[in-house]
Amino acid sequence: YGGMGLDFSYNIAVAEELGNIRCGGIPMAIGVQIGMSTPALTRFGSDELKKQFLAPTIAGDFVACLGISEVGTGSDVASIKTTAERKGDEYIINGGKMWITSGSQADWMCLLANTSKGPPHRNKSLICLPMNLPGIHITKKIDKLGMRSSDTNQIIFENVRVPSKNLIGEEGMGFTYQMLQFQEERLWGVATVLTALENIIRETIDYTRQRVAFGQPVLHNQTVHFRLAELATEVELLRSLLYRTLALYLEGNDVTKLASMAKLKAGRLAREVTDSCLQFWGGMGFSSEVLVSRFYRDLRLTSIGGGTDETMLSIICKYMETLPKK
């Protein structure tokens, strides 16, 4: 379908390199395109659907978005309210999605909706939804704290009709497909954050070496260079966790626990590194001219998007409970 047929390690290599972009919004948008909206379609979609939606998305002719979160329902995916009622050869979609990255420019959405009234983990399906259909209403771009180069929208569905053949895989398997997709999404997020944090630390070292206060460079204060060394060590430890998780994933293992641990640590470390480094920049760090202030805003999303810190902790706890007691 136009892709290179490489394994997921290449996605991570790309994600790390994209972390050199001097903002968070562009790597996030690319991640939505290649690692969040399309994996389920790639794995479980029909050949017809792949030709219609996947091939032009890989080619860059289509922009894709992912429709999961709703007003009042973010990380709690099982509680979504949007419905897709089957009538003949069509689904009729009603409801809405919130915080949709690339929502105002997307050509199609990988939509998660309730297709039956059964148990919440078995009543959901993923559907390829063209965004030019009647009944789709896209709000103006949401004004956000960070990720300001990324368009984020609320989208409302009113009796939107889509062919039933646009179903990805089996009806009722959407929740399961989405959970599989989340693991790659979280690892991608960790990889982009890693490079950004390294760059922030490197630029902070350069700045504090040049900035003189009380007769000496700021970097020559033991408190400063010890703190930067500590932060650099934490980033390297996170990289080791990412690579270990990736290796296990490529071997076909369930890495839900380790991916959740990496996502949790990435979000918290992003806050810790940007806050500590911004402090060492002094007043300049509070301006919009420097990288650290932008990432202070942009990377704050890491602890919220793709599953909050609290959600990651819940997942980790569940897996720990399955360990044999000594």
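Residues numbered from 1 in each chain as written. Predicted model: local features only at pLDDT ≥ 70, side-chain atom pairs only at ≥ 80, totals over all residues. Heavy atoms only, no water.

(A) Structural detail: the packing of helix H1 (residues 8–18) against helix H6 (residues 222–250). Contact geometry for H1 and H6: axes closest at 10 Å, N-to-C directions at 155°. Classed by the angle they form, the pair H1 and H6 counts as roughly antiparallel. Where H1 approaches H6, its residues Phe8, Ser9, Ile12 and Glu16 are matched on the opposing element by Arg239, Leu242, Tyr243, Leu246, Tyr249 and Leu250. Taken together, the residues of the contact of H1 with H6 break down into 7 nonpolar, 1 polar and 2 charged. (Axes fitted to C-alpha atoms, helices over the stretch in contact; angles between N-to-C directions. Helix = DSSP H or I, 4+ residues; strand = E, 2+ residues; numbered from the N terminus. Parallel < 35°, antiparallel > 145°, perpendicular 65-115°, else oblique. Contact = heavy atoms within 4.5 Å. Nonpolar A, V, L, I, M, F, W, Y, C, P; charged D, E, K, R; others polar.)

(B) Molecular detail of the pairing of strand E3 (residues 90–101). Of the strand pairs in this sheet, strand E2 (residues 83–87) and E3 are connected by 5 bridges, and their pairing is antiparallel. Counterpart to Lys87 in the pairing with E3 is Glu90. Counting the residues that bridge the hairpin from E2 to E3 gives 2 residues, and of these Gly88 lies at a positive phi of roughly 65°. (Pairing = 2+ DSSP bridges.)

(C) Summary view of the UniProt feature "domain: Acyl-CoA dehydrogenase/oxidase C-terminal" (unreviewed entry) in the protein chain. Here the UniProt-annotated "domain: Acyl-CoA dehydrogenase/oxidase C-terminal" (unreviewed entry) positions come out as residues 172–318. Note that residues 172–318 is 75% helix and 3% strand, and that its end C-alpha atoms are spaced 24 Å apart. (UniProt positions renumbered as here; feature names shortened; annotations may be inferred.)

(D) Geometry of the environment of Leu194. Tracing the backbone shows Leu194 in helix H5 (residues 174–210). For the pair Leu194 and Val235, spaced 41 residues apart in sequence, the C-alpha separation works out to 6.6 Å. Excluding residues that lie within four positions of it along the chain, Leu194 makes contacts with Val235, Leu238, Arg239 and Leu242.

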